Amino acid sequence: NAGVTQTPKFQVLKTGQSMTLQCAQDMNHNSMYWYRQDPGMGLRLIYYSASEGTTDKGEVPNGYNVSRLNKREFSLRLESAAPSQTSVYFCASSVSRASGNTIYFGEGSWLTVV
Amino acid sequence: RKEVEQDPGPFNVPEGATVAFNCTYSNSASQSFFWYRQDCRKEPKLLMSVYSSGNEDGRFTAQLNRASQYISLLIRDSKLSDSATYLCATAKETSGSRLTFGEGTQLTVNP
(Lines give C-alpha, C1' and ligand atoms only; values in the text may rest on other atoms or scores of the structure.)
Protein backbone atom coordinates (compact mmCIF):
# COMPACT_ATOMS: atom_id res chain seq x y z
CA ASN A 1 0.00 0.00 0.00
CA ALA A 2 2.21 2.82 -1.32
CA GLY A 3 0.00 5.88 -0.65
CA VAL A 4 2.01 8.96 -1.65
CA THR A 5 5.42 8.27 -3.11
CA GLN A 6 7.94 11.01 -3.78
CA THR A 7 11.41 10.89 -5.29
CA PRO A 8 14.23 11.52 -4.75
CA LYS A 9 14.48 11.22 -0.99
CA PHE A 10 17.77 13.11 -0.82
CA GLN A 11 19.37 15.49 -3.29
CA VAL A 12 22.26 17.94 -3.25
CA LEU A 13 22.22 20.64 -5.92
CA LYS A 14 24.57 23.40 -6.84
CA THR A 15 23.20 26.92 -7.05
CA GLY A 16 21.66 27.47 -10.46
CA GLN A 17 21.01 23.81 -11.23
CA SER A 18 17.53 22.61 -12.01
CA MET A 19 15.71 19.55 -10.83
CA THR A 20 12.26 18.03 -10.59
CA LEU A 21 10.74 16.38 -7.55
CA GLN A 22 8.35 13.63 -8.54
CA CYS A 23 5.22 12.67 -6.65
CA ALA A 24 2.64 9.99 -7.30
CA GLN A 25 -0.35 8.77 -5.33
CA ASP A 26 -2.29 5.56 -5.78
CA MET A 27 -5.37 6.49 -3.74
CA ASN A 28 -7.33 8.06 -6.61
CA HIS A 29 -7.30 11.41 -4.82
CA ASN A 30 -8.37 14.55 -6.62
CA SER A 31 -6.22 17.09 -4.79
CA MET A 32 -2.47 17.15 -4.50
CA TYR A 33 -0.07 19.54 -2.77
CA TRP A 34 3.54 20.49 -2.39
CA TYR A 35 4.71 21.83 0.98
CA ARG A 36 8.12 22.82 2.23
CA GLN A 37 9.16 22.59 5.87
CA ASP A 38 11.85 24.74 7.40
CA PRO A 39 12.94 25.08 11.05
CA GLY A 40 10.88 27.72 12.84
CA MET A 41 8.55 28.15 9.86
CA GLY A 42 6.44 25.03 9.90
CA LEU A 43 4.97 23.58 6.73
CA ARG A 44 4.20 26.12 4.03
CA LEU A 45 2.16 25.44 0.90
CA ILE A 46 4.05 25.98 -2.35
CA TYR A 47 1.48 24.90 -4.94
CA TYR A 48 -1.60 22.77 -4.98
CA SER A 49 -3.79 21.11 -7.57
CA ALA A 50 -7.48 20.71 -6.83
CA SER A 51 -7.96 18.34 -9.73
CA GLU A 52 -6.26 17.02 -12.82
CA GLY A 53 -5.45 19.88 -15.15
CA THR A 54 -5.55 22.65 -12.55
CA THR A 55 -2.82 24.17 -10.42
CA ASP A 56 -2.78 27.15 -8.08
CA LYS A 57 -0.17 29.05 -6.13
CA GLY A 58 0.12 28.60 -2.42
CA GLU A 59 1.90 30.72 0.14
CA VAL A 60 5.47 30.46 -1.23
CA PRO A 61 5.40 29.72 -4.99
CA ASN A 62 8.33 31.88 -6.13
CA GLY A 63 11.14 29.88 -7.69
CA TYR A 64 8.98 26.81 -8.34
CA ASN A 65 6.81 25.42 -11.09
CA VAL A 66 4.47 22.47 -10.99
CA SER A 67 2.84 20.07 -13.39
CA ARG A 68 -0.21 17.94 -12.72
CA LEU A 69 0.62 15.32 -15.31
CA ASN A 70 -2.45 13.20 -14.63
CA LYS A 71 -4.59 12.34 -11.65
CA ARG A 72 -1.80 10.33 -10.05
CA GLU A 73 1.23 12.55 -10.56
CA PHE A 74 2.17 16.05 -9.43
CA SER A 75 5.73 17.22 -9.98
CA LEU A 76 7.60 20.21 -8.54
CA ARG A 77 10.38 21.83 -10.56
CA LEU A 78 13.14 24.13 -9.41
CA GLU A 79 14.40 25.89 -12.54
CA SER A 80 17.41 27.58 -10.96
CA ALA A 81 18.03 26.35 -7.45
CA ALA A 82 19.03 28.82 -4.74
CA PRO A 83 20.38 28.16 -1.22
CA SER A 84 17.10 29.56 0.17
CA GLN A 85 15.39 26.53 -1.35
CA THR A 86 17.28 24.18 0.94
CA SER A 87 14.41 22.50 2.74
CA VAL A 88 12.39 19.36 3.26
CA TYR A 89 9.68 19.02 0.63
CA PHE A 90 6.50 17.08 1.24
CA CYS A 91 4.02 16.04 -1.39
CA ALA A 92 0.50 15.29 -0.22
CA SER A 93 -2.88 14.26 -1.55
CA SER A 94 -6.46 14.36 -0.35
CA VAL A 95 -9.98 13.59 -1.42
CA SER A 96 -12.96 15.75 -0.52
CA ARG A 97 -15.86 14.11 1.25
CA ALA A 98 -18.94 15.53 2.88
CA SER A 99 -17.47 14.56 6.24
CA GLY A 100 -14.26 16.40 5.45
CA ASN A 101 -11.03 15.00 4.15
CA THR A 102 -7.71 13.70 5.32
CA ILE A 103 -4.46 14.80 3.79
CA TYR A 104 -1.84 12.10 3.34
CA PHE A 105 1.79 13.08 3.09
CA GLY A 106 4.67 11.42 1.31
CA GLU A 107 7.83 10.63 3.25
CA GLY A 108 9.58 13.84 2.25
CA SER A 109 12.48 14.88 0.04
CA TRP A 110 15.53 16.43 1.67
CA LEU A 111 17.04 19.01 -0.68
CA THR A 112 20.27 20.88 -0.07
CA VAL A 113 21.40 23.66 -2.39
CA VAL A 114 25.05 24.62 -2.04
CA ARG B 1 2.11 37.80 12.55
CA LYS B 2 1.91 34.14 11.57
CA GLU B 3 -1.54 32.89 10.68
CA VAL B 4 -1.21 29.89 13.00
CA GLU B 5 0.97 30.11 16.09
CA GLN B 6 2.14 27.50 18.54
CA ASP B 7 4.53 27.45 21.46
CA PRO B 8 7.49 25.58 19.93
CA GLY B 9 8.50 24.14 23.30
CA PRO B 10 10.26 21.85 23.84
CA PHE B 11 8.04 20.27 26.44
CA ASN B 12 9.74 17.64 28.58
CA VAL B 13 7.38 15.63 30.77
CA PRO B 14 7.62 12.38 32.75
CA GLU B 15 5.68 9.31 31.73
CA GLY B 16 2.14 9.44 32.99
CA ALA B 17 1.95 13.23 32.99
CA THR B 18 -0.82 15.24 31.42
CA VAL B 19 0.34 17.80 28.90
CA ALA B 20 -1.59 20.46 27.01
CA PHE B 21 -0.75 22.32 23.85
CA ASN B 22 -2.43 25.45 22.62
CA CYS B 23 -2.55 26.90 19.15
CA THR B 24 -3.95 30.26 18.08
CA TYR B 25 -5.10 31.22 14.61
CA SER B 26 -5.59 34.71 13.26
CA ASN B 27 -7.89 34.10 10.28
CA SER B 28 -11.48 34.19 11.47
CA ALA B 29 -12.50 32.60 8.15
CA SER B 30 -10.89 29.32 9.21
CA GLN B 31 -13.41 26.50 9.02
CA SER B 32 -11.54 23.29 9.72
CA PHE B 33 -9.01 22.46 12.41
CA PHE B 34 -6.62 19.59 12.91
CA TRP B 35 -3.80 18.22 15.00
CA TYR B 36 -1.02 16.36 13.23
CA ARG B 37 1.80 14.36 14.73
CA GLN B 38 5.25 14.34 13.18
CA ASP B 39 8.03 12.03 14.26
CA CYS B 40 11.64 13.03 13.71
CA ARG B 41 12.52 13.03 10.00
CA LYS B 42 9.12 11.63 9.09
CA GLU B 43 6.03 12.98 7.41
CA PRO B 44 3.14 14.55 9.36
CA LYS B 45 0.26 12.21 10.10
CA LEU B 46 -3.25 13.21 11.10
CA LEU B 47 -3.80 12.74 14.82
CA MET B 48 -7.31 14.11 15.02
CA SER B 49 -9.70 16.63 13.61
CA VAL B 50 -11.01 19.27 15.99
CA TYR B 51 -14.73 19.92 16.23
CA SER B 52 -16.60 22.77 17.88
CA SER B 53 -18.10 20.42 20.43
CA GLY B 54 -14.68 19.06 21.36
CA ASN B 55 -13.66 15.50 20.68
CA GLU B 56 -11.77 12.73 22.39
CA ASP B 57 -9.81 9.78 21.09
CA GLY B 58 -8.48 7.64 23.89
CA ARG B 59 -5.93 9.66 25.83
CA PHE B 60 -6.19 12.61 23.46
CA THR B 61 -8.73 15.42 23.74
CA ALA B 62 -9.02 18.29 21.28
CA GLN B 63 -11.02 21.44 21.77
CA LEU B 64 -11.86 24.47 19.67
CA ASN B 65 -12.67 27.94 20.95
CA ARG B 66 -13.88 29.98 17.99
CA ALA B 67 -14.51 33.13 20.03
CA SER B 68 -10.89 33.27 21.18
CA GLN B 69 -9.57 31.62 18.01
CA TYR B 70 -7.56 28.86 19.55
CA ILE B 71 -7.47 25.09 19.55
CA SER B 72 -5.99 22.84 22.17
CA LEU B 73 -4.73 19.31 22.51
CA LEU B 74 -4.62 17.49 25.83
CA ILE B 75 -2.65 14.28 26.25
CA ARG B 76 -3.37 12.30 29.39
CA ASP B 77 -1.20 9.56 30.87
CA SER B 78 1.57 10.32 28.41
CA LYS B 79 3.66 7.47 27.03
CA LEU B 80 7.22 7.38 25.78
CA SER B 81 5.78 6.78 22.32
CA ASP B 82 3.99 10.14 22.45
CA SER B 83 7.36 11.87 21.98
CA ALA B 84 7.01 13.76 18.71
CA THR B 85 6.25 17.18 17.29
CA TYR B 86 2.59 18.16 17.31
CA LEU B 87 1.41 20.45 14.55
CA CYS B 88 -1.85 22.31 14.53
CA ALA B 89 -3.41 23.19 11.20
CA THR B 90 -6.37 25.16 9.93
CA ALA B 91 -8.16 25.38 6.61
CA LYS B 92 -10.54 27.96 5.23
CA GLU B 93 -12.61 25.29 3.51
CA THR B 94 -14.92 22.97 5.35
CA SER B 95 -13.44 20.18 3.27
CA GLY B 96 -10.17 20.76 5.07
CA SER B 97 -7.87 21.09 2.10
CA ARG B 98 -5.08 23.66 1.74
CA LEU B 99 -3.93 23.53 5.31
CA THR B 100 -2.04 26.29 7.09
CA PHE B 101 0.27 24.84 9.73
CA GLY B 102 1.77 26.12 12.90
CA GLU B 103 5.48 25.51 13.38
CA GLY B 104 4.85 22.65 15.76
CA THR B 105 5.39 21.91 19.43
CA GLN B 106 8.05 19.39 20.36
CA LEU B 107 7.19 16.93 23.11
CA THR B 108 9.59 14.57 24.84
CA VAL B 109 8.20 12.09 27.33
CA ASN B 110 10.87 10.85 29.71
CA PRO B 111 10.95 7.53 31.60
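You'll find the structure just up there.
Residues numbered from 1 in each chain as written. Chains lettered and ligands numbered in written order. Predicted model: local features only at pLDDT ≥ 70, side-chain atom pairs only at ≥ 80, totals over all residues. Heavy atoms only, no water.

### Some words on the state of the cysteines
This structure, assessed with the given rule, holds two disulfides over all chains. Each sulfur in the disulfide pair Cys-23 of chain A and Cys-91 of chain A lies 1.8 Å from the other. Judged by the torsion about the S-S bond (-75°), the Cys-23 of chain A/Cys-91 of chain A disulfide is left-handed. You can see Cys-23 of chain A sitting in strand 3 (residues 19-25) and its partner Cys-91 of chain A sitting in strand 9 (residues 87-94), a full 68 residues away along the chain. Between the sulfur atoms of Cys-23 of chain B and its disulfide partner Cys-88 of chain B the distance amounts to 1.8 Å. The chirality of the disulfide connecting Cys-23 of chain B with Cys-88 of chain B is right-handed, given an S-S dihedral of about 60°. Of this pair, Cys-23 of chain B sits in strand 3 (residues 19-25) while Cys-88 of chain B is found in strand 9 (residues 84-91), placing the two residues 65 residues apart along the sequence. For Cys-23 of chain B, a relative accessible area of 0% gives the class buried. The class of Cys-88 of chain B is buried, set by a relative accessible area of 0%. Here Cys-40 of chain B is not cross-linked by a disulfide; its sulfur's nearest cysteine counterpart is in Cys-88 of chain B, at 20 Å. Residue class for Cys-40 of chain B comes out exposed when judged on its relative accessible area of 69%. (Disulfide = S-S within 2.5 Å. Helix = DSSP H or I, 4+ residues; strand = E, 2+ residues; numbered from the N terminus. Buried < 20%, exposed > 50% of the residue type's maximum accessible area, 1.4 Å probe, protein only.)

### Description of the interface of chain B and chain A
Facing the 19 residues of chain B at the interface are 21 residues of chain A. In total, chain B and chain A occlude about 1600 Å² of area from one another, counting both sides; carbon and sulfur atoms represent 56% of this. Ranking the residues of chain B by area buried against chain A places Arg-41, Glu-43 and Arg-98 of chain B at the top, with a combined share of 31%. Inspection of the chain B/chain A interface yields zero salt bridges. Here chain B and chain A share three residue pairs in polar contact (both at pLDDT 80 or more) between them. (Contact = heavy atoms within 4.5 Å. Buried area = accessible area lost by both parts, 1.4 Å probe. Salt bridge = Lys/Arg side-chain N within 4 Å of Asp/Glu carboxyl O. Polar contact = N/O pair within 3.5 Å; in protein donor to acceptor, adjacent residues only side chain to side chain.)

### What about the packing of aromatic side chains?
All chains considered together, the criterion is met by 12 aromatic pairs over all chains. Measuring from ring centre to ring centre gives 5.6 Å for Tyr-35 of chain A and Phe-101 of chain B, while their planes differ by 85°; the resulting arrangement is edge-to-face. Highlighted residues: Tyr-35 of chain A in strand 4 (residues 31-38) and Phe-101 of chain B in strand 10 (residues 100-101), drawn from two different chains. Using a relative accessible area of 0% as the deciding quantity, one classes Tyr-35 of chain A as buried. (Phe/Tyr/Trp six-rings, centres within 6.5 Å; stacked < 30°, edge-to-face > 60°.)

### Some points on the pairing of strand 9 of chain A
Taken residue by residue, a regular strand's side chains alternate between the two faces of the sheet. Residues and elements named next belong to chain A. Within strand 9, eight of the eight residues are buried, which leaves the element mostly enclosed by the surrounding structure. Where burial is concerned, the two faces of strand 9 agree: the one with Ser-87, Tyr-89, Cys-91 and Ser-93 and the one with Val-88, Phe-90, Ala-92 and Ser-94 are both buried. Sheet topology places strand 4 next to strand 9; seven bridges connect them, and they run antiparallel. Across the sheet, Gln-37 pairs through a bridge with Val-88, a residue of strand 9. Bridging between strand 9 and strand 11 (residues 109-113) involves three bridges; their strand directions are antiparallel. Within strand 11, the position partnered with Val-88 by the bridge is Trp-110. Pairing of strand 9 with strand 10 (residues 103-105) involves three bridges; the strand directions are antiparallel. What sits directly across from Ser-94, in strand 10, is Ile-103. (Pairing = 2+ DSSP bridges.)

Shape descriptors only; they carry no functional weight alone.
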